[in-house]
Amino acid sequence: MESKGGKKKSSSSSSSLHYEAPLGYSIEDVRPHGGIKKFQSAAYSNPSPHRSFSEEVSVLNGFFGSLKSGGNAFVIGDASMPSRKWHVYHATEKPEAPMITLEMCMTGLDPERASIFFKKSVDGHVSSAKEMTKLSGISDIIPEMEICDFDFEPCGYSMNGMHGPAFSTVHVTPEDGFSYASYEAMGFNPDSLSYLDLIERVLSCFGPSEFSVATTVLGGGSTWANKGDIYGYTCDSMVEQELPGGGLLVYQTFAASSVTPMSPRSILNNWQGKDDNGFSSEGEVVMDD
Ligand SMILES: C[S@@+](CC[C@H](N)C(=O)[O-])C[C@H]1O[C@@H](n2cnc3c(N)ncnc32)[C@H](O)[C@@H]1O
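The rules behind these values
Residues numbered from 1 in each chain as written. Predicted model: local features only at pLDDT ≥ 70, side-chain atom pairs only at ≥ 80, totals over all residues. Heavy atoms only, no water. Helix = DSSP H or I, 4+ residues; strand = E, 2+ residues; numbered from the N terminus. Buried < 20%, exposed > 50% of the residue type's maximum accessible area, 1.4 Å probe, protein only. Areas by Shrake-Rupley, 256 points an atom, 1.4 Å probe, with all protein chains shown as cover. Contact = heavy atoms within 4.5 Å. Phe/Tyr/Trp six-rings, centres within 6.5 Å; stacked < 30°, edge-to-face > 60°. Pairing = 2+ DSSP bridges. Expected span 1.5 Å × (residues − 1). Axes fitted to C-alpha atoms, helices over the stretch in contact; angles between N-to-C directions. Polar contact = N/O pair within 3.5 Å; in protein donor to acceptor, adjacent residues only side chain to side chain.

Student: Break down the overall build of the protein chain for me, citing the residues and quoting the values.
Tutor: When helices and strands are tallied, the protein chain shows four helices and 13 strands. When each of the 289 residues of the protein chain is scored for burial, the buried share is 47%. For the protein chain, the accessible area works out to roughly 14,000 Å², and carbon and sulfur atoms hold 53% of it.

In structure tokens:
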């Protein structure tokens, strides 16, 4: 979990659990689901340098290895692209409700889009995080989200968003040559938010030349990640991995097609109620309560 802007992604202090762990690790944001002993999900922060995935796994097993599924670690990717791998750790008591997590890693951001995340523009205007959220279109990805955003000096951006049980987070490194943005959303109602719509909304904020999408579906609804075509991009690889307890992870990598690169929408217009990407005219997304 990443916390920025002085607001934790987990909700109240009373329901947010904090576990101290050996070796300086701390577990944050463990969400009880259907009882305090059943963990729906957990993320952790690690102040020490990450030396290897297997070391991470053994630490996580110390916390979650005794859950019914045991701890399960996967490294997913295409052998022909060794620098693009997805490291997954999964442990569950028994997911009772459908839960989807979508994670996108984007590189080679469109320079015009990336420029939004520099505080000072060429004409000397100093942007706030709020302006970046609006101008980039991040506020339109899931419009119902209450967003806590943060701008770095001289550039860079992070936000956490919440709405009911749903969370999202964005982190942007806009510097040319190594630009990168990540997007993560979980806990939303999959019936009111389509896989392709969500991905295309995120892409339109950043216009990356390459990206990956990891979709984890727990507790049913495995058809949500429908693996359809994404306009302007070609799917380079796709891996499906079943998870214990009936979950499914779909990991795909994409590169901008040379013939039809995705054209970023104008950053001067607010994106409201447009249906050219298949969104509802109100841009409304209904969330679970
Ligand atoms: C979005 S932030 C880093 C987010 C990262 N996940 C984290 O939690 O540290 C990265 C961008 O902010 C810029 N930045 C400026 N000051 C920074 C700082 N003190 N720590 C991290 N990034 C900083 C970097 O140059 C980069 O463009």
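Student: Report on the side chain of His 90, specifying residues and quantitative values.
Tutor: Locating His 90 in the fold gives a position in strand S5 (residues 85–90). For His 90, a relative accessible area of 7% translates into the label buried. In this view, His 90 contacts Ser 69, Gly 70, Gly 71, Asn 72, Leu 218, Leu 243 and Pro 244; residues no more than four positions away in its chain are not counted.

Student: Any chance you could break down the packing of aromatic side chains for me, citing the residues and the numbers?
Tutor: By the definition in use, this model includes nine aromatic pairs. Ring geometry for Trp 86 versus Tyr 251: centroids 5.9 Å apart, planes at 20 degrees, classification stacked. With Trp 86 in strand S5 and Tyr 251 in strand S13 (residues 247–256), this pair connects stretches of sequence that are 165 residues apart. Measuring from centroid to centroid gives 5.0 Å for Phe 150 and Phe 152, while their planes differ by 80 degrees, and the two rings are edge-to-face. Take Phe 152: its relative accessible area is 30%, and that puts it in the partly exposed class. Through pairs of rings, three or more aromatic residues link up here, namely Phe 117, Tyr 157 and Phe 206.

Student: So, the pairing of strand S6 (residues 99–107): which residues are in play, and what are the values?
Tutor: Of all nine residues in S6, seven are buried; the element is thus mostly enclosed. With nine bridges joining them, S6 and strand S11 (residues 210–218) adopt antiparallel strand pairing. Residue Glu 103 lies in a different strand from S11, and its bridge partner there is Ala 214. By the bridge criterion, seven bridges tie S6 to strand S10 (residues 180–186) in an arrangement that is antiparallel.

Student: Could you give an account of helix H4 (residues 195–206), with specific residues and numbers?
Tutor: Between its terminal C-alpha atoms H4 stretches 17 Å, which fits the 16 Å expected from twelve residues at 1.5 Å a residue. The element H4 is largely enclosed, with a buried count of eleven among its twelve residues. Positive phi appears at Gly 207, one or two residues downstream of H4, with a value of about 50 degrees.

Student: I'd like a rundown of the sheet that holds strand S9 (residues 166–173), residues and numbers included.
Tutor: Sheet architecture is open: eight strands sit in the order S7-S8-S9-S10-S6-S11-S13-S12, paired in antiparallel fashion. Among the strands making up the open sheet, the edge pair consists of strand S7 (146–151) and strand S12 (233–243). With direction set aside, neighbouring strand axes in the sheet form an average angle of 10 degrees. Looking at chain direction, S12 and S13 are connected through ten bridges and run antiparallel. Residue Val 239 lies in a different strand from S13, and its bridge partner there is Tyr 251. The sheet contacts of helix H3 (residues 129–136) involve S7 and strand S8 (157–163), and relative to S7 the element is tilted by about 115 degrees. Contacts from H4 reach S6, S9, S10, S11, S12 and S13 within the one sheet, and its direction differs from that of S6 by about 30 degrees.

Student: Give a detailed account of the environment of Asp 149, specifying residues and quantitative values.
Tutor: Its location among the elements puts Asp 149 in strand S7. Using a relative accessible area of 13% as the deciding quantity, one classes Asp 149 as buried. Considering only alpha carbons, one finds Asp 149 and Asn 160, eleven residues apart in sequence, at a separation of 6.5 Å. Those residues in contact with Asp 149 that sit more than four places away from it in its chain are Ala 129, Lys 130, Thr 133, Tyr 157, Ser 158 and Met 159. Side-chain polar atoms of Asp 149 contact the side chain of Lys 130, separated by 2.7 Å. Within the structure, the side chain of Asp 149 is placed 2.5 Å from the side chain of Thr 133, a separation counted as a polar contact.

Student: Quick one: what's the story with the environment of His 171, residue by residue and with numbers?
Tutor: Tracing the chain through its elements places His 171 in strand S9. Through-space distance from the C-alpha of His 171 to that of Val 57 is 24 Å; in sequence the pair is 114 residues apart. A polar contact of 2.7 Å, which involves the side chain of His 171, links it to the side chain of Ser 158. At 3.1 Å, the side chain of His 171 and the side chain of Thr 169 are in polar contact.

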